[in-house]
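Residue-level structure breakdown
In case you want the letters, here they are:
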Amino acid sequence: AANQMWGGRFAEGPDAIMQAINASIGFDKRLYAQDIAGSRAHAAMLAAQGILTDSDAQVIREGLLTVLSEIKAGTFPFRVELEDIHLNVESRLTEIVGEAGKRLHTGRSRNDQVAVDFRLWVREQCDAAISGLTALMQAFLVQAEQGADWVMPGFTHLQTAQPVTWGHHMMAYVEMFARDRSRFQDARVRMNECPLGAAALAGTSFPIDRHMTAGALGFDRPTANSLDSVSDRDFALEFLSAASICAMHLSRFAEELVIWSSAQFRFVRLSDKWTTGSSIMPQKKNPDAAELLRAKLGRILGATVALFTIMKGLALTYSKDMQEDKEQVFDAADNLMLGLAAMTGMVSDMAANRESLAVAAASGFSTATDLADWLVRRLNLPFREAHHVTGALVAMAEQAGIDLPDLTLDQMRSVHPGITDEVFSVLGVENSVNSRTSYGGTAPVRVREQIARWKAALA
Ligand code: ARG
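Residues numbered from 1 in each chain as written. Predicted model: local features only at pLDDT ≥ 70, side-chain atom pairs only at ≥ 80, totals over all residues. Heavy atoms only, no water.

**Quick word on the overall build of the protein chain**
The helix and strand inventory of the protein chain stands at 18 helices and 6 strands. The C-alpha radius of gyration of the protein chain comes to 31 Å, more than 25% above the 23 Å expected for a compact globule of 459 residues. When the backbone C-alpha atoms are referred to their principal axes, the protein chain occupies close to 100 × 50 × 40 Å. Counting the 459 residues in the protein chain, one finds 49% classified as buried. Within the protein chain, contacts between residues separated by at least 24 positions form 73% of all contacts whose residues are at least 6 apart in sequence. Of the roughly 21,300 Å² of accessible surface on the protein chain, a fraction of 53% belongs to carbon and sulfur atoms. Charged side chains of the protein chain number 44 positive and 54 negative; the gap between the two group centres comes to 2 Å. (Helix = DSSP H or I, 4+ residues; strand = E, 2+ residues; numbered from the N terminus. Rg over C-alpha atoms; globule rule 2.2 N^0.38 Å. Buried < 20%, exposed > 50% of the residue type's maximum accessible area, 1.4 Å probe, protein only. Contact = heavy atoms within 4.5 Å. Areas by Shrake-Rupley, 256 points an atom, 1.4 Å probe, with all protein chains shown as cover. Lys, Arg positive; Asp, Glu negative; His and termini not counted. Charge placed at Lys NZ, Arg CZ, Asp CG, Glu CD.)

**Remarks on the site of the ligand**
Taken together, the residues surrounding the ligand are Ser24, Asp28, Asp84, His86, Arg110, Asn111, Val114, Tyr318, Gln323 and Lys326. One of the side-chain nitrogen or oxygen atoms of Ser24 is found 3.3 Å away from a nitrogen atom of the ligand. At 2.9 Å, a side-chain N or O of Asn111 approaches a nitrogen atom of the ligand. Contact with the protein chains removes 87% of the 340 Å² of surface that the ligand exposes when unbound. Element by element, the count of residues in the shell around the ligand is highest for helix α6 (residues 110-146), at 3 residues. (Near = heavy atom within 4 Å. Polar contact = N/O pair within 3.5 Å; in protein donor to acceptor, adjacent residues only side chain to side chain.)

**Looking at the UniProt feature "domain: Fumarate lyase N-terminal" (unreviewed entry) in the protein chain**
Residues given the UniProt feature "domain: Fumarate lyase N-terminal" (unreviewed entry) here are residues 8-302. The span residues 8-302 shows a helical share of 61% and a strand share of 6%, and its end C-alpha atoms are spaced 41 Å apart. (UniProt positions renumbered as here; feature names shortened; annotations may be inferred.)

**Notes on the environment of Ser55**
Position of Ser55 relative to the elements: it lies in helix α4 (residues 54-73). The exposure class assigned to Ser55 is partly exposed, which follows from its relative accessible area of 48%. Placed 45 residues apart in sequence, Ser55 and Ala100 show a C-alpha to C-alpha distance of 8.9 Å.

**Structural notes on the nonpolar core**
Inside soluble globular proteins, nonpolar side chains tend to come together where they are buried. The biggest cluster of nonpolar side chains holds 97 residues, and the ones touching the most others in it are Trp166, Phe184, Phe253, Leu257, Trp260 and Met343. Looking at this core element by element, the count peaks at 16 residues for helix α10 (residues 234-260). Each residue touching Met343, except ones within four places of it in the same chain, is listed here: Leu136, Leu250, Phe253, Ala254, Leu257 and Leu293. Core analysis: the next-biggest nonpolar cluster, separate from the first, contains 19 residues, Leu375, Val394, Val426 and Leu427 among them. (Core = buried A, V, L, I, M, F, W, Y, C linked by side-chain atoms within 4.5 Å.)

**Side note on unusual backbone geometry**
Note that the residue after Leu316, namely Thr317, is joined by a cis bond; omega there is 5°. Although it is not a glycine, Glu83 adopts a positive phi angle of roughly 65°. In this fold, Glu83 is placed in the loop between α4 and α5 (85-97). With a relative accessible area of 8%, Glu83 lands in the buried category. A positive phi angle, close to 50°, is found at Arg266, a residue other than glycine. You can see Arg266 is positioned in the loop between α10 and β5 (268-269).

**As for a nonpolar patch on the surface**
Taken together, the side chains of Leu201, Leu227 and Leu316 make up a nonpolar region of the molecular surface, amounting to roughly 280 Å² of accessible area. Mapped onto the fold, Leu201 is located in the loop between β3 (193-194) and α8 (210-216). (Patch = residues over 30% accessible without salt bridge, like charges linked within 9 Å, V, L, I, M, F, W, Y side chains within 5 Å. Salt bridge = Lys/Arg side-chain N within 4 Å of Asp/Glu carboxyl O.)

**Overview of the environment of Asp15**
Along the chain, the position of Asp15 falls in the segment before α1 (16-22). The sequence separation of Asp15 and Leu316 amounts to 301 residues, and the corresponding C-alpha distance is 28 Å. Among the polar contacts listed, one links the side chain of Asp15 to the backbone nitrogen of Ile17, at a separation of 2.8 Å.

**Here we look at the packing of helix α11 (residues 288-311) against helix α12 (residues 325-349)**
α12 packs onto α11 with a crossing angle of 155° between their chain directions and a minimal axis gap of 9 Å. As the angle between them shows, α11 and α12 are arranged roughly antiparallel. When the axes of α11 and α12 are compared, the crossing they make is left-handed. For the pair formed by α11 and α12, the contact residues are Ala289, Ala290, Leu293, Lys296, Arg299, Ile300, Ala303, Ala306 and Leu307 on the first element and Asp325, Gln328, Val329, Asp331, Ala332, Asn335, Leu336, Gly339, Ala342, Met343 and Met346 on the second. Here the residues of the contact of α11 with α12 sort into 13 nonpolar, 3 polar and 4 charged. (Axes fitted to C-alpha atoms, helices over the stretch in contact; angles between N-to-C directions. Parallel < 35°, antiparallel > 145°, perpendicular 65-115°, else oblique. Left-handed = near helix turned anticlockwise from the far one by under 90°. Nonpolar A, V, L, I, M, F, W, Y, C, P; charged D, E, K, R; others polar.)

Following this line, the structure appears as structure tokens:
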């Protein structure tokens, strides 16, 4: 049978395989609430402009609410031959309200319709990401506050570098997730322009009021160029890009948790709620949630690359290629929100092992830089020379199988005769972290300032 929407031009219906490749209703039904909101705003505007009668607009707007409740109740008869959510809603509306339903599509096209629906959906996901990130930052803040002065090793190359504080390490993630949050906030501001009324691509000859529909749907203004309006998917790409960076951050902390929860590190104990056991090895407690979080970037970045690739060669304006945007964004958004929630739970429930952190902080010659700094300060050695003297002391200790503070004063003096026993006061880990008071440094006094700043900012 010929198509109900464009049957005038067509003698035959589509091949079954054509229907399978062409229809998007299987996934874009997720846009139903946005589609109905857009249509209700459009109908009200058409009436306000005298393009529809008030009574037709009233009937349409109420009929759309009936459609909405059918979809919510799960009784809506989705039909694949109607391709997508837009035609499904419109067709059902007409079944319910009759003639008036056929007037809804005046002065618009599915091209601007899908653009507005999808923007509304992505905008909502930005809001969800922003609140998910806020909760995650709060979870890190609680950890930071609890262990603001707990010492742990700081790493470069995953080799012991200098002692830092647990609070400082937790606050590093607060900074990272704060940048993610501001990326979603920025993207939201930029995407908040309404493409509805661009119609197919050129605008319309009907005297529509695009400012009215933009306002009704919570947009700051209508988009300014109708061609751009229907061909632009930057809002989705920006969302995916911000999501990718955020997922990369989630993945980095997930990796730290995998390492830290191992028997060799024992820096943290993950709660039973976020781990799994083994079917054969009774001792096992595997950090599965962390591992999955580490993997999520693969999907999210994959979606980002997919959409860039879909868009890159498209001449203006709309091409059907663009229908492939939605599944990518849906999957990325679902996995980002799940990831943020899982990480928030895992961070809230994990317990840092203060004892293991302290033991590790003191090992690996972690205060060698403090020793070199002392040689500069007290013996006025040039830093390069101090570095060399300290290196020799580290080699001596390593050979003896002991740590730096275990060397005797005589052993130290054999490397540099100027060393006094005051040097032992700088070899302690606590002293080391307390001394790093430069702005942004690891000293607890600085870390507590940052905690206070972020607590105020998130309150
Ligand atoms: N289902 C389509 C999409 O997702 C809606 C727009 C269709 N427009 C068109 N000219 N065929 O992009």
